[in-house]
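Chain by chain, the residues run as shown.
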Amino acid sequence: MTADRDAPEEIVWQGKYIVARKRGRWEYVSRARGIRAAVILAIEDGHVLLVEQYRVPLGRVCLELPAGLVGDDAGCEDEAVETAAIRELEEETGYRAARVEELGEFHSSPGMVSESFTLLRAHGLRRTGPGGGTDGEDITVHRVPLAEVAAFVAARRALGHAVDVRIALLLTGAILGES
């Protein structure tokens, strides 16, 4: 591994949002321009907010926690992760958080993607609209009782939907409680 770690990094291809890189024997993808992601855990009144949308790389609908990019718009490169989380939660779900609490930085597929995400817990949720995302996102919002998450996920899988790895936090009970 030392040879790979010390090898020079090459950019194989670069697009607007991602960069394919190579270092030694490793090929991996990273976000362009230092863009980060925020993932929002919105649990209140014994329910969790989940979203689903079609994901081109998977070729099917995927069930996920609400999430979005931080600082991806021109002129907003210095956007705070908390600001992005509140904005993305409202855009995607139609719920606005009074505040968010940072739970840490995580990596979902470190052998293939260098991207990390910050997980934030939303508190003080207030419904402001229907959600559904911005133009072209076509997001479906689900408010699921915590006690029914496992059955809900199983039903989505039965429909052929993919399930984002972060849903495992809910399935294992690693994240419990209400705000």
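For the structure itself, look to the data block above.
Below or above, wherever it landed, is the structure these notes cover. (Residues numbered from 1 in each chain as written. Predicted model: local features only at pLDDT ≥ 70, side-chain atom pairs only at ≥ 80, totals over all residues. Heavy atoms only, no water.)

**Some thoughts on the overall build of the chain**
Phase 1: Helices and strands together make up the secondary structure of the chain, namely 4 helices and 11 strands.
Phase 2: Taking 2.2 N^0.38 as the reference for a compact globule, 179 residues should give roughly 16 Å; the C-alpha atoms of the chain span a radius of gyration of 17 Å, in line with that estimate.
Phase 3: For the chain, the spread of C-alpha atoms along the principal axes amounts to about 50 × 40 × 30 Å.
Phase 4: Out of the 179 residues belonging to the chain, those deemed buried represent 40%.
Phase 5: Look at the contacts in the chain between residues 6 or more apart in sequence, and 59% of them connect residues 24 or more apart.
Phase 6: When the accessible surface of the chain is split by element, carbon and sulfur atoms take 52% of a total near 9,900 Å². (Helix = DSSP H or I, 4+ residues; strand = E, 2+ residues; numbered from the N terminus. Rg over C-alpha atoms; globule rule 2.2 N^0.38 Å. Buried < 20%, exposed > 50% of the residue type's maximum accessible area, 1.4 Å probe, protein only. Contact = heavy atoms within 4.5 Å. Areas by Shrake-Rupley, 256 points an atom, 1.4 Å probe, with all protein chains shown as cover.)

**What about the environment of Arg55?**
Phase 1: Here Arg55 is to be found in strand β5 (residues 47-55).
Phase 2: Not counting residues up to four positions away in its chain, the partners in contact with Arg55 are Arg60, Cys62 and Glu64.
Phase 3: A distance of 2.8 Å separates polar atoms of two side chains, one belonging to Arg55 and the other to Glu64. (Polar contact = N/O pair within 3.5 Å; in protein donor to acceptor, adjacent residues only side chain to side chain.)

**Here we look at the sheet that holds strand β1 (residues 9-14)**
Phase 1: Pairing is antiparallel in the open sheet, where 3 strands are placed in the order β1-β2-β3. Either end of the sheet is taken by a strand with one partner, and the two such strands are β1 and β3 (26-31). The mean angle between the axes of side-by-side strands here comes to 30°, regardless of whether they run parallel or antiparallel.
Phase 2: Two strands pair when backbone bridges link them, and strand β2 (residues 18-23) and β3 are joined in this way by 6 bridges, in the antiparallel orientation. The partner of Ile18 across the bridge, within β3, is Arg31. (Pairing = 2+ DSSP bridges. Axes fitted to C-alpha atoms, helices over the stretch in contact; angles between N-to-C directions.)

**Observations regarding the pattern of salt bridges**
Phase 1: Within the structure shown, the criterion is met by 12 salt bridges.
Phase 2: In this structure, Arg25 and Asp4 form a salt bridge, with 2.6 Å as the shortest nitrogen-oxygen distance. With Arg25 in the loop between β2 and β3 and Asp4 in helix α1 (residues 2-6), this pair connects stretches of sequence that are 21 residues apart.
Phase 3: Look at Arg25 and you get exposed, because its relative accessible area is 66%.
Phase 4: As a salt-bridge pair, Arg55 and Glu64 come within 2.8 Å of each other at their nearest N and O atoms.
Phase 5: Accessibility expressed as a relative area gives 31% for Arg55, which makes it partly exposed.
Phase 6: Within this structure, Glu79, Arg87, Glu88 and Glu91 form a network of salt bridges that share partners. (Salt bridge = Lys/Arg side-chain N within 4 Å of Asp/Glu carboxyl O.)

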